[in-house]
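What the coordinates show
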Amino acid sequence: MSIRPWRDIHRRKSRRIMVGSVPVGGDAPITVQTMTNTLTTDAPATIRQVLACAEAGADIVRVSCPDEGSTRALREIVRESPVPIVADIHFHHRRAIEAAEAGAACLRINPGNIGKPERVREVIRAARDHGCSMRIGVNAGSLEPHLLEKYAEPCPEAMVESALEHAKILQDNDFHEFKISVKASDVFLTAAAYQALADACDHPLHLGVTEAGGLTSGGVKSAIGLGNLLWMGVGDTVRVSLSADPVEEVKIGFEILKSLNLRHRGVTIISCPSCARQGFDVIETVKALEERLAHIRTHMTLSVIGCVVNGPGEARETDIGFTGGGAGSGMVYLAGLQSHKMDNAGMLDHLVELVERKAEEIEAARAQAAAEAAAQAAE
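This report concerns the structure included in the present document. (Residues numbered from 1 in each chain as written. Predicted model: local features only at pLDDT ≥ 70, side-chain atom pairs only at ≥ 80, totals over all residues. Heavy atoms only, no water.)

1. What about the side chain of Thr-210?
As for its placement among the helices and strands, Thr-210 is situated in the loop between β9 (206–207) and α8 (215–231). With sequence-adjacent residues up to four places away left out, Thr-210 is seen in contact with Asn-139, Lys-183, Ala-184, Ser-185 and Ser-241. (Helix = DSSP H or I, 4+ residues; strand = E, 2+ residues; numbered from the N terminus. Contact = heavy atoms within 4.5 Å.)

2. Points about the nonpolar core
In this structure, Leu-74, Leu-107, Met-134, Met-159, Ile-180 and Leu-230 are the most contacted members of the largest nonpolar core, which totals 79 residues. Once you skip the residues sitting within four places of it in the chain, Met-159 turns out to touch Val-138, Ala-140, Leu-143, Val-182, Lys-183, Ala-184, Leu-189 and Ala-193. With 21 residues, the next largest nonpolar core counts Ile-296, Val-304, Phe-322 and Ala-359 among its residues. (Core = buried A, V, L, I, M, F, W, Y, C linked by side-chain atoms within 4.5 Å. Buried < 20%, exposed > 50% of the residue type's maximum accessible area, 1.4 Å probe, protein only.)

3. Some words on the environment of Arg-95
Position of Arg-95 among the secondary structure elements: in helix α3 (residues 93–102). Note: C-alpha distance between Arg-95 and Thr-71 (24 residues apart in sequence) is 6.6 Å. Residues in contact with Arg-95, not counting those within four places in the same chain, are Cys-65, Pro-66, Asp-67, Glu-68, Thr-71 and Ile-89.

4. Structural notes on the sheet that holds strand β10 (residues 237–239)
Strands sit in the order β8-β7-β6-β5-β4-β3-β10-β9 across an open sheet of eight strands; the sheet is parallel. Edge positions in the open sheet fall to β8 (178–183) and β9, since each of these has one partner strand only. Relative to β10, β9 runs parallel, the two being bridged by two bridges. The partner of His-206 across the bridge, within β10, is Thr-237. Sitting on the sheet, helix α6 (residues 156–172) touches β7 (133–139) and β8, and the angle it makes with β7 is about 155 degrees. (Pairing = 2+ DSSP bridges. Axes fitted to C-alpha atoms, helices over the stretch in contact; angles between N-to-C directions.)

5. Here's the deal with helix α9 (residues 246–259)
Given a rise of 1.5 Å per residue, 14 residues ought to cover 20 Å, and the 20 Å separating the end C-alpha atoms of α9 matches this to within 8%. Here α9 lies mainly inside the structure; 10 of its 14 residues are buried. All buried positions along α9 are accounted for by Pro-246, Val-247, Glu-249, Val-250, Ile-252, Gly-253, Phe-254, Ile-256, Leu-257 and Lys-258. Turning to α9, the residues buried within the fold contact β3 (31–35), α1 (43–56), α8, β10 and β11 (267–271). One side-chain oxygen at the N-terminal end of α9 lies 2.9 Å from the backbone nitrogen of Val-247; it belongs to Asp-245. Just downstream of α9 lies Asn-261, where phi reads positive at about 65 degrees. (Expected span 1.5 Å × (residues − 1). Polar contact = N/O pair within 3.5 Å; in protein donor to acceptor, adjacent residues only side chain to side chain.)

6. Here we look at the layout of surface pockets
By volume, the largest pocket amounts to about 710 Å³. As for the largest pocket, its lining consists of 21 residues, and the residues nearest its centre are Lys-251, Glu-255, Lys-258, Val-267 and Glu-290. Contributions of two or more residues to the lining of the largest pocket are made by α1, α9, β11 and α10 (282–292). By residue number, the principal contributor to the lining of the largest pocket is α9, which donates six residues. (1 Å grid on protein atoms, 1.4 Å probe; cavity = no way out; pocket = protein on both sides within 12 Å on 5 of 7 lines; lining within 4 Å. Points joined across faces, edges and corners; volume = space filled by probe spheres on them.)

7. Focus on the side chain of Lys-179
Take Lys-179: it is sitting in strand β8. Of the side chains with opposite charge, Asp-88 comes closest to the buried, unpaired Lys-179, at an N-O distance of 9.5 Å. With sequence-adjacent residues up to four places away left out, Lys-179 is seen in contact with Ile-17, Val-19, Val-24, Gln-33, Cys-106, Met-134, Arg-135, Ile-136, Pro-204, His-206 and Thr-237. (Lys, Arg positive; Asp, Glu negative; His and termini not counted. Salt bridge = Lys/Arg side-chain N within 4 Å of Asp/Glu carboxyl O.)

8. Some details on the sheet that holds strand β14 (residues 329–334)
Pairing in this open sheet of five strands is mixed, and the strands run β11-β12-β13-β14-β15 from one edge to the other. Among the strands making up the open sheet, the edge pair consists of β11 and β15 (337–343). Neighbour to neighbour, the strand axes of the sheet diverge by 20 degrees on average, direction disregarded. Bridge analysis of strand β13 (residues 320–324) against β14 gives five bridges, and the strand direction is antiparallel. When the bridges of β14 are listed, Ile-320 appears paired with Leu-334. Packed onto the sheet, α10 meets β11 and β12 (300–305) and runs at close to 160 degrees relative to β12.

9. A look at the packing of α10 against helix α12 (residues 344–378)
Orientation of α10 relative to α12, taken along the N-to-C sense of each, is 35 degrees, at an axis distance of 11 Å. Like other packed secondary-structure pairs, α10 and α12 cross with a definite hand, here right-handed. Where α10 approaches α12, its residues Thr-285, Ala-288, Leu-289 and Arg-292 are matched on the opposing element by Met-347, Leu-348, Asp-349, Leu-351 and Val-352. Looking at the contact of α10 with α12 residue by residue, the classes come out as six nonpolar, one polar and two charged. (Left-handed = near helix turned anticlockwise from the far one by under 90°. Nonpolar A, V, L, I, M, F, W, Y, C, P; charged D, E, K, R; others polar.)

Following this line, the structure appears as structure tokens:
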């Protein structure tokens, strides 16, 4: 039993599928996705964006394939990508087949808008032949006419019905390697649709609040919508949809997961908003630390607090801490304990050095433990 049960999240049990080499669903870690916004036909620009997203932590990247030129470019993009590539397909079944042949790890489709049953079967054959999974992507803004006529407006029931109708098409063709999304730009509609879908099936779920908006407004909407679902245990992979650089989508996706203790990557900085009590410029210090520690992938915590009101308490709970004091210096904490004083002028460089050293120690310990486990297994 957990010593802090109020922090426990009990994930919904779902089937596991593979998106290339990345497992999605089951007990696999919740993955973070994004989507390129370059012209796919401009392979070099798209590859640069894919690489930047992967460096930021993206597990999977989606690329739109609206035409034949895009699927031709996809082969080079897949070859240069360090992460699985999802091909985003609408209407044209030939694009789906071409994307599978080009090496896409997953096809994002709506089976219902692919066309005749034979065309759907052709796409399924291509996916099966080339080891592709699929995502059924239902959006509130593009529901089928018969569902809008039945329900009068986009609603959770209509979205779930659409998703299950599409799922049945794949299942009737003995294809089960798929995940489902039911996205809306409305947070309430999104959350209600996913909750209902989670109860109605065991397929892995791709979470997202679609067309969420710009960096700030979209980030907030996504944190509310995705955060609530994830807290309830619903969701196997996430995409934060922003009118912004895809790298920002990845960052926010990870921060949502980190805040719920579902994924850990890099340094989690605990910092105060600052006030007249601060013993140093907290805001500029944190900004600089975020930039200079962006390369650290090892999980650890760093507290940066401007004064002694909450500083010592926060430092007790973090790997490394700095609390502002007086006379131009503050206190450095290591593993929750007071370690030494440091003047404000040298504090930034000193904290970066401490974090980098701690990351090396953690990774060395992991490598040693892995080597010992391998040696024992070989005996």
